[in-house]
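These are the residues of each chain, in order.
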Amino acid sequence: MPHQGILSPIARTAAAAEAAAASSATATIATPTGFRLTAHNQYNATRLDAAHLPADPFPLFRLWLHEALVPTHAQPAVREPEAMTLSTAASGIPSSRVVLLKEVDDRGFLFYTNYESRKAHELESGHAALSFYWREVSRQVSCPPHWGGYRVVPTEIEFWAGQPSRLHDRFVYTRPDTTSTWTVERRAP
Ligand SMILES: Cc1cc2nc3c(=O)[nH]c(=O)nc-3n(C[C@H](O)[C@H](O)[C@H](O)COP(=O)(O)O)c2cc1C
């Protein structure tokens, strides 16, 4: 189900955080004992090295997809790596859902959906965002693409490789439009 809602300010000070914690203690919805949403993983993806990045992001995506599909002694296979979160928006109100990648080529990411669905209507805006999270290999790929038929044609693709102590590797490929060549830059973790 797509997540929706309006933003409400979050507690920014220790006192406000305490007050929020106290008020949540009276919440009527029970959470399982010991359930911790704040636990942080120590990610340990293979490092991303600027010197070895391809000029174009699609070969790198295909390599990562291949590595997600094929287990090695060093890492397990990712379950359902083709599952991707597709976000769309209408009148500034976003919605997200999971869809399955059917094909990736040098133009973009292909998936199938119902022409009458909410996402199909919202894709008429020409904008969307996609995100893959491959937990087993501490990797994420995300892109804000342009939309063409059912092929998502990106102008930005970010490769995120989780590292210990949150010193993650992030490289972002961008191009001004879908026919230009790509440039790549490192971003702070
Ligand atoms: C693992 C998984 C895979 C899915 N794959 C697709 C898909 O490929 N295409 C699709 O239209 N919906 C798929 N769905 C359902 C969508 O997430 C969504 O519920 C549905 O398409 C309606 O979305 P909308 O009303 O926001 O357009 C999938 C859901 C899950 C959980």
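Just above, that's the structure.
A brief look at the structure comes next. Only a predicted model underlies this, so the values are computations on that prediction, with no experimental measurement involved. The residue count restarts for each chain, going from 1 along the sequence in the order it is written. Where totals are concerned, whole chains, interfaces and linings use all residues; where local detail is concerned, this predicted model gives features only for residues with pLDDT of at least 70, and gives and counts side-chain atom pairs only at 80 or more.

Re the overall build of the protein
Part 1: Elements are defined by DSSP. Helices are runs of H or I of four residues or more, strands are runs of E of two residues or more, and each kind is numbered from the N terminus. What the protein contains, in helices and strands, is three helices and 11 strands.
Part 2: When the helices and strands of the protein are read in sequence order from the N terminus, they spell out α-α-β-β-β-β-α-β-β-β-β-β-β-β.
Part 3: Taking all 189 residues of the protein together, 19% fall into the buried category.
Part 4: Working definition of a contact: two residues with C-beta atoms, positioned from the backbone, lying within 7 Å. Across the protein, the fraction of contacts at a sequence separation of at least 24, relative to all contacts at a separation of at least 6, is 46%. Counting other C-beta atoms within 10 Å of a residue's own tells you its class, since 20 or more makes it buried, 12 or fewer makes it exposed, and anything in between is partly exposed; those C-beta atoms are placed from the backbone.

Considerations on the nonpolar core
Part 1: Connectivity within a nonpolar core runs through C-beta atoms within 7 Å, and the core itself is a set of buried Ala, Val, Leu, Ile, Met, Phe, Trp, Tyr and Cys residues. Grouped together as the largest cluster of nonpolar side chains are 22 residues, with contacts concentrated most on Leu 130, Val 141, Ile 157 and Phe 159.
Part 2: Elements represented by at least two residues in this core include exactly helix H2 (57-69), strand E1 (83-90), strand E5 (129-134), strand E6 (139-143) and strand E9 (156-161).
Part 3: Here Val 141 is in contact with Phe 61, Trp 64, Phe 132, Ile 157, Glu 158 and Phe 159, once residues within four sequence places are set aside.

A word on the site of the ligand
Part 1: The criterion for a residue being near a molecule or strand is simple: its C-beta atom, placed using the backbone, must lie within 6 Å of it. Neighbouring the ligand are 14 residues; Arg 97, Thr 113, Ser 117, Arg 118 and Lys 119 lie closest to it.
Part 2: Listing elements by their share of the shell around the ligand, those giving two or more residues are strand E2 (93-100) and helix H3 (118-123).
Part 3: Here the shell around the ligand gets five residues from one element, more than from any other, and that element is E2.
Part 4: Residue composition of the shell around the ligand, grouped by class: seven nonpolar, four polar and three charged. The classification used treats Ala, Val, Leu, Ile, Met, Phe, Trp, Tyr, Cys and Pro as nonpolar, Asp, Glu, Lys and Arg as charged, and all other residues, Gly among them, as polar.

So yeah, pure geometry; function would need other evidence.
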